[in-house]
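Structural description and commentary
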Amino acid sequence: MSVSVVPTRAKIVIIGGGVGGTSVAYHLAELGEKEVILLDRNELTSGSTFHSAGLVGQLRADPTLTLMNMHSVDLYRKLQESDTPPSWRECGSIKLASTPERMQEIRRQIGWAKSFGLDLHEISPQEAQNLFPLIDLEGVVGACYMASDGQVDPSQLAMALAAGARKSGVQIFTHTRVLEIKTKNGRVSSVVTDKGEIECDIVVNCGGMYAPQIGRMVNVRIPIIPMSHQYLITDNFMDPDAAFLPSLRDPDNLIYFRQEVSGLLMGGYERNSQAWSADYNSLDDIPANFNSMLLPDDWDRFYDIAEASQRRVPKMAEIGIKNFINGPEGFTPDNEFCLGETSVGGFYVAAGFCAHGIAGAGGIGKVVAEWIVAGEPTMDLWHMDIKRFGASYESPDFTLQRITENYEQYYDIHYPGEERTSARPKFVSPVYEWHKAHGAVFGEKASWERVNYYSNNIGDDTMRPRGWLGKYWSSAVQVEHHATRNTAGLFDESSFAKAQISGSRAAEFLNYVCANNVVKGIGKTVYTQALNSKAGIESDYTVTQTDTEKFMIVTGTAFAIHDFGWLEKMRREFNFASVEIENITRELTCYAIMGPNSRAILQSLTNTDLNHTAFPFMTSQEIEIAGIKVRATRITYVGELGWEIYAPVVEGLTLWEKIIDAGKALGLIACGYRAIESLRLEKGYRAWAGEINSETNPYEAGLGFAVALTKENFHGKVACLAAKESLKRKLVAITFDDITSVPFGSEPIRINNKVVGRIKTGGQGYTIGKAIAYAYIPIEESEPGRTVEVELFGHWVQGLIAIEPLFDPINERVRS
Ligand SMILES: Cc1cc2nc3c(=O)[nH]c(=O)nc-3n(C[C@H](O)[C@H](O)[C@H](O)COP(=O)(O)OP(=O)(O)OC[C@H]3O[C@@H](n4cnc5c(N)ncnc54)[C@H](O)[C@@H]3O)c2cc1C
């Protein structure tokens, strides 16, 4: 029998002593958490951390991640002044553009770096060579430089974080393996190790590439796969007294460099990636003794990278190689971290750092520690939230296909509207074959095939946006937009996530979770948000009361796990155990018929009176359409008269075809999601993860109308009242007269030469004939009529803060 040397109780147990676990421990201690234990099955840093290349770059495609990496740099600077410095060296970094498209990306990044106060600026190829004299400039179009980027010793960083955590009382136990995690009533209750059992309230899985194994202990799927990642270190060949080189990235050639002593470290992202200890048929299975180990050198796969490195730095062909590293690192299906509380209460994850965990560790530790202490995210972390992954990732095949695709495109430019190509199709609506036969171009969301547009609708090509947005743009969207505004459009929204909430306390539960009053009687539909305790919008959906004790929630395709997970958490934490939450997404199709002729078309297929008084806006009825029993809800997300029709999947195709046939004479056409986007931007309907998220409150987002402050209580009410009284910023609509100058997110906005914010979302409004964007602006600058400037690929373009909504301000169409 093993002797118990670990404490028998702690509040928080962190599993994993790499940069992730030590940073979470450090930040929990900083927040004043006292009863924290960190366990590692081997030595600290003996997973992926010890063999990392240690480059720290701050600017990423995601604003939140950029802010997190900026925190990392601040922290590493500070730790460098401590008793355990991590060898932080602020050597700066250069990014080369070896193609004109990359130069566009760099200019775009320089633009939005301004909105973070980051010191990124364009430099000429010659200036890049002055800073990094070893490069050959063949094919270099331009470059940028950031002085505050740097490099750090990964193991020393983990040790410095561990030392900081220990100083504040965190207990660290190495050579202590977690074997089992126990749960009680849906929450973690203890961790069983080979040194004894520790009762606890919270477990943080910082297991890096081992995180899926740890997740399986509580039946939580964490879609991370260890991928082989390689770099080499050359012999020392540079003058040790010469100026230290900045890091260098040449993404078009898939390579990166940094100075190592007086030699170079060089690595890259191969086009022929290799998973380790996982394949298409089986989940990851890392050997129990795999610590402080590397994988065998794989020169064949590294050949192209080595060749590219010699083209960019010819010296690479002459110097010897001191060390070759092939180390496994946990990658996720979209190259973003896996953070946050899982479906098991108190079981958090902070893993899957996709070869940017050293740059991210400081920020990861901060946001995860804050999340644990607050019980909810303190920033908009949706892009990193474990709840973004749907059920498809249970499959090893699906997961590996996606991870392979993303790994191999790590350094590629990702254009707006770009679609993943691997592991498709997965989930399809009953109308999928019909769509295909009618020229549909599909996109994918949460594994669902959805129609973006139908290619045989031909519109005006002169409206193609300039720059990146033009790449995956189609004129078909205009045709579908105008049909919806002028006659009628039929949209297949079967992928919408749907849940049934039932039980004798269902009404009480929903009115606690939702900010609006969602209990208005059977047949009433209510638009609402679910708020967190800081009044941030956790979810945005509609609730329909379908029976005395039954409600149906409809939310976005990608939000099932997130939104229904939030409901589960609320049920668990606020004692609504008797309420049932059932995901019914796959049981029902959903078609939206929208437009001025939608009533006449539907009326020809049903005996139910569809007139405004008999079937008012925001009501729902069970009716028959073409002899098929459906639920029809009068609602719109495009700003037109219309219904969403929910029908059993088996009847889906027949119903679709009947509606299409009935609508032909009245101008009905099938339309796709891109048209919805254009239509909803004109109407100012908000999108979660677009203009609104857990960091924005309903008042600043213009959604105060959906908050029922008259209700005695609801989750987040106190913060909501405070938010209403102290608005600091406001979501505004900005229009641009030139419909081809279209921002699409993160571009800086300036007023009177001062940067005041960045664009959240943008697109084209074909009825108003303008480009449209939405952004949060300081309240004092937000009044309509004000001119703003937005930077598009290095050029400042004038826009106007407009009165919202941009289309049909008195809702004449919706309520007709
Ligand atoms: C070759 C290579 C180069 C890289 N270069 C860079 C770079 O330049 N810049 C950058 O930002 N990032 C880089 N990275 C990525 C970075 O190194 C990783 O993201 C980071 O180290 C991962 O840290 P972690 O704490 O998540 O995981 P790990 O360091 O793997 O820590 C996980 C720990 O969990 C422990 N553990 C697992 N199971 C159990 C259990 N059951 N009980 C107890 N303990 C357990 C393990 O022993 C391990 O120590 C690179 C990675 C590789 C492989």
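Everything here concerns the structure above.
To start, this report covers the structure provided alongside it. Owing to the predicted nature of the structure, the values given are computational and were not obtained by experimental measurement.

1. Looking at the packing of helix 12 (residues 506-513) against helix 13 (residues 560-573)
The relative placement of two packed helices is expressed as an angle between their axes plus a distance between the axes. For the pair helix 12 and helix 13, the least separation of the axes is 11 Å and the interaxial angle reads 110°. In terms of their interaxial angle, helix 12 and helix 13 are classed as roughly perpendicular. On helix 13, the residues touching Phe509, Leu510 and Val513 of helix 12 are Trp566, Leu567, Met570 and Arg571. Residues belonging to the contact of helix 12 with helix 13 are distributed by class as follows: 6 nonpolar, no polar and 1 charged.

2. Concerning the site of the ligand
Of all residues adjacent to the ligand, which total 38 residues, the nearest are Asp40, Ser48, Thr49, Glu329 and Ala359. Here a nitrogen atom of the ligand and a backbone polar atom of arginine 41 are 2.9 Å apart. Between the ligand and the protein, one listed contact pairs an oxygen atom with a side-chain N or O atom of asparagine 291 at 2.9 Å. Within the complex, the protein chains bury 98% of what would otherwise be the 1,000 Å² of accessible surface of the ligand. Those elements that place two or more of their residues in the shell around the ligand are helix 1 (19-30), strand 13 (225-234), strand 17 (321-331) and helix 8 (357-374). Looking at the shell around the ligand residue by residue, the class counts come to 15 nonpolar, 19 polar and 4 charged.

3. A few points about the packing of helix 11 (residues 476-486) against helix 16 (residues 673-683)
Interaxial distance between helix 11 and helix 16 falls to 8 Å at its minimum, and their mutual angle equals 55°. When the axis of helix 11 is compared with that of helix 16, the two are oblique. Viewed along their axes, helix 11 and helix 16 form a crossing whose handedness is right-handed. Across the interface between the two elements, Val477, Glu480, His481, Thr484 and Arg485 of helix 11 pack against Arg674, Ala675, Ser678, Leu679 and Glu682 of helix 16. For the contact of helix 11 with helix 16, a count of residues per class yields 3 nonpolar, 3 polar and 4 charged.

4. Quick look at the layout of surface pockets
To find leftover empty space, a probe the size of one water molecule is rolled over the atoms. Each pocket or cavity is described by its volume, and for the second largest pocket that value is around 600 Å³. Lining the second largest pocket are 27 residues, and of these Thr342, Ser343, Lys387, Ile561 and Gly565 sit closest to its centre. Elements with a contribution of two residues or more to the lining of the second largest pocket: helix 13 and strand 27 (580-583). Of all the elements, helix 13 adds the most residues to the lining of the second largest pocket, at 8 residues.

5. Focus on the sheet that holds strand 33 (residues 729-736)
Strands belonging to one sheet form pairs held by backbone hydrogen bonds; the direction of such a pair is parallel or antiparallel. Ordered in space as 33-36-35-34-37-38, the 6 strands form a closed barrel in which the pairing is antiparallel. Pairwise comparison of adjacent strand axes, ignoring direction, gives a mean angle of 40° for this sheet. Strand direction decides the pairing type here: strand 34 (residues 748-751) and strand 37 (residues 787-792), joined by 2 bridges, are antiparallel. Across the sheet, residue isoleucine 749 finds its bridge partner in strand 37, namely valine 790. Docked against the sheet, helix 3 (residues 100-114) engages strand 34, strand 35 (754-765), strand 37 and strand 38 (795-802), running at close to 140° with respect to strand 37.

6. Brief notes about the pattern of salt bridges
This structure, assessed with the given rule, holds 51 salt bridges. A salt bridge links arginine 312 to aspartate 250; its shortest N-O distance comes to 2.7 Å. With a gap of 62 residues between them, arginine 312 in helix 7 (residues 299-312) and aspartate 250 in strand 14 (residues 247-250) connect regions that are remote in the sequence. Taking relative accessible area as the criterion, arginine 312 reaches 4% and is therefore assigned buried. Looking at aspartate 250, the relative accessible area reads 0%, which means it is buried. A single salt-bridge network, built from bridges that share partners, covers Arg187, Glu341, Lys569, Arg572 and Glu573.

7. Points about the side chain of threonine 542
Assignment of secondary structure puts threonine 542 in strand 25 (residues 537-547). The residues contacting threonine 542, other than those within four sequence positions of it, are Thr525, Val526, Tyr527, Met552, Ile553, Val554 and Ile635.

8. Quick look at empty space enclosed by the protein
Taken as a whole and judged by the stated rule, the model has 4 cavities of 30 Å³ or more. Considering only enclosed or pocket space, the largest cavity measures out at about 110 Å³ in volume. Lining the largest cavity we find Glu341, Trp371, Gly375, Glu376, Pro377, Asp385, Lys387, Glu538, His562, Gly565, Trp566 and Lys569. Taken together, the residues of the lining of the largest cavity break down into 3 nonpolar, 3 polar and 6 charged. Quantified by volume, the second largest cavity comes out at close to 60 Å³. Contributing to the lining of the second largest cavity are Ser429, His435, Trp448, Glu449, Arg450, Val451, Asp492, Glu493, Ser494, Ser495 and Tyr673. Counting residues per element, the lining of the second largest cavity draws most heavily on strand 21 (residues 448-454), at 4 residues. A class-by-class count of the residues in the lining of the second largest cavity yields 3 nonpolar, 4 polar and 4 charged.

9. Overview of the side chain of arginine 312
A distance of 3.0 Å separates the side chain of arginine 312 from the backbone oxygen of glutamate 138, its partner in a polar contact. Apart from the residues lying within four places of it in its own chain, the contact partners of arginine 312 are Leu96, Ser98, Leu134, Ile135, Asp136, Leu137, Glu138, Gly139, Val140, Asp250, Asn253 and Ile255.

10. Notes on the packing of aromatic side chains
Under the criterion given, the structure shown has 33 aromatic pairs. Taken together, the ring pairs connect Tyr256, Tyr269, Phe331, Tyr407, Tyr410 and Tyr411 into an aromatic cluster. One Lys or Arg, arginine 450, reaches over the ring of tyrosine 673 and ends 3.6 Å from the middle of that ring. A cation sits over an aromatic face here: arginine 485 above phenylalanine 807, 3.8 Å from the ring centre.

11. Here we look at the environment of threonine 740
Tracing the backbone shows threonine 740 in the loop between strand 33 and strand 34. Given a relative accessible area of 11%, threonine 740 falls into the buried group. Separated by 273 residues in sequence, threonine 740 and glycine 467 have C-alpha atoms that sit 9.0 Å apart. Beyond its immediate chain neighbours, meaning those up to four positions away, threonine 740 contacts Thr462, Met463, Arg464, Pro465, Arg466 and Gln764. Among the polar contacts listed, one links the side chain of threonine 740 to the side chain of aspartate 738, at a separation of 2.7 Å.

12. Overview of the pairing of strand 11 (residues 196-199)
With burial as the criterion, only one face of strand 11 is covered, namely that bearing Gly196 and Ile198; the residues Glu197 and Glu199 on the opposite face remain uncovered. Here 4 bridges tie strand 10 (residues 187-193) to strand 11, and the two strands are oriented antiparallel to one another. Looking at strand 11, one finds that threonine 193 is bridged to glycine 196. Taken together, strand 10 and the strand that follows it, strand 11, pair antiparallel across an intervening segment of 2 residues.

13. What about helix 16?
Burial within helix 16 is extensive, with 9 of its 11 residues counted as buried. All of the buried residues along helix 16 are Tyr673, Ala675, Ile676, Ser678, Leu679, Arg680, Leu681, Glu682 and Lys683. In this fold, the buried residues of helix 16 make contact with strand 21, helix 11, strand 22 (488-492), strand 35 and strand 36 (770-778). Of the residues one or two after helix 16, glycine 684 is the one with positive phi, at around 80°.

14. Describing the nonpolar core
If you look at the biggest cluster of nonpolar residues, it comprises 46 residues, and the most contacted ones within it are Ile94, Phe132, Phe257 and Leu264. Going through the elements one at a time, strand 4 (93-97), strand 6 (142-146), strand 13, strand 15 (255-260), strand 16 (263-268), helix 7, strand 17 and helix 9 (396-408) are the ones with two or more residues in this core. The leading source of residues in this core is strand 13, at 5 residues. For isoleucine 94, the contacting residues outside a window of four places in its chain are Ile123, Ala128, Leu131, Phe132, Ala143, Cys144, Tyr145, Pro246, Ser247, Leu248 and Arg249. In this structure, Val24, Ala25, Ala165 and Ile364 belong to the second largest nonpolar core, which totals 32 residues.

The rules behind each value
- Every chain is numbered on its own, with residues counted from 1 as its sequence reads.
- The predicted nature of this model means local features are confined to residues of pLDDT at least 70 and side-chain atom pairs, given and counted, to a pLDDT of 80 or more, with totals for whole chains, interfaces and linings taken over all residues.
- Think of the side-chain values as coming from all heavy atoms in the structure, minus any hydrogens and water.
- Throughout, an axis means a line fitted to C-alpha atoms (over the contacting stretch in the case of helices), and angles, computed between N-to-C directions, take values from 0 to 180 degrees.
- Runs of E in the DSSP output that reach at least two residues are strands. Runs of H or I that reach at least four are helices, and both are numbered from the N terminus.
- Roughly parallel means an angle under 35 degrees; roughly antiparallel means over 145; roughly perpendicular covers 65 to 115; every other angle is labelled oblique.
- We call two residues in contact whenever any of their non-hydrogen atoms come within 4.5 Å of each other.
- When residue character is reported, Ala, Val, Leu, Ile, Met, Phe, Trp, Tyr, Cys and Pro are called nonpolar, Asp, Glu, Lys and Arg charged, and the others, Gly included, polar.
- A cutoff of 4 Å decides nearness: a residue is near a molecule or strand if any of its heavy atoms lies inside that distance of it.
- Identification of polar contacts relies on pairs of N or O atoms within 3.5 Å, with a donor-acceptor requirement for protein atoms, meaning one able to donate a hydrogen and the other able to accept it, and with residues adjacent in sequence counted only if both atoms are side-chain atoms.
- We get accessible surface area from the Shrake-Rupley algorithm with a probe of 1.4 Å; when it comes to residues, only the shown protein chains can shield them.
- In this scheme the crossing of two helices becomes right-handed for a clockwise turn of the near helix relative to the far one and left-handed for an anticlockwise turn of less than a right angle.
- Cavity means a closed set of points on a 1 Å grid over the protein atoms alone, one where a 1.4 Å probe fits but cannot get out, pocket means an open set with protein on both sides within 12 Å along at least 5 of 7 lines, and lining means a residue has an atom within 4 Å of a point.
- Grid points are joined across faces, edges and corners, and a volume is the space filled by probe spheres set on the points.
- At least two bridges found by DSSP between two strands are what make those strands a pair.
- The rule for a salt bridge is simple: a side-chain nitrogen of Lys or Arg has to be within 4 Å of a carboxyl oxygen of Asp or Glu.
- When a residue's accessible area, from a 1.4 Å probe over protein chains only, is under 20% of the maximum for its type it is buried; when over 50% it is exposed; and in between it is partly exposed.
- Working definition: rings of Phe, Tyr and Trp (its six-membered ring) pair if their centres are within 6.5 Å, and the pair is stacked with planes under 30 degrees apart, edge-to-face with planes over 60 apart, and tilted otherwise.
- A ring has a charge above it when a Lys NZ or an Arg CZ is no more than 6 Å from the ring centre and no more than 35 degrees off the ring normal.
- Definition used in this section: a nonpolar core is a set of buried Ala, Val, Leu, Ile, Met, Phe, Trp, Tyr and Cys residues joined via side-chain atoms within 4.5 Å.

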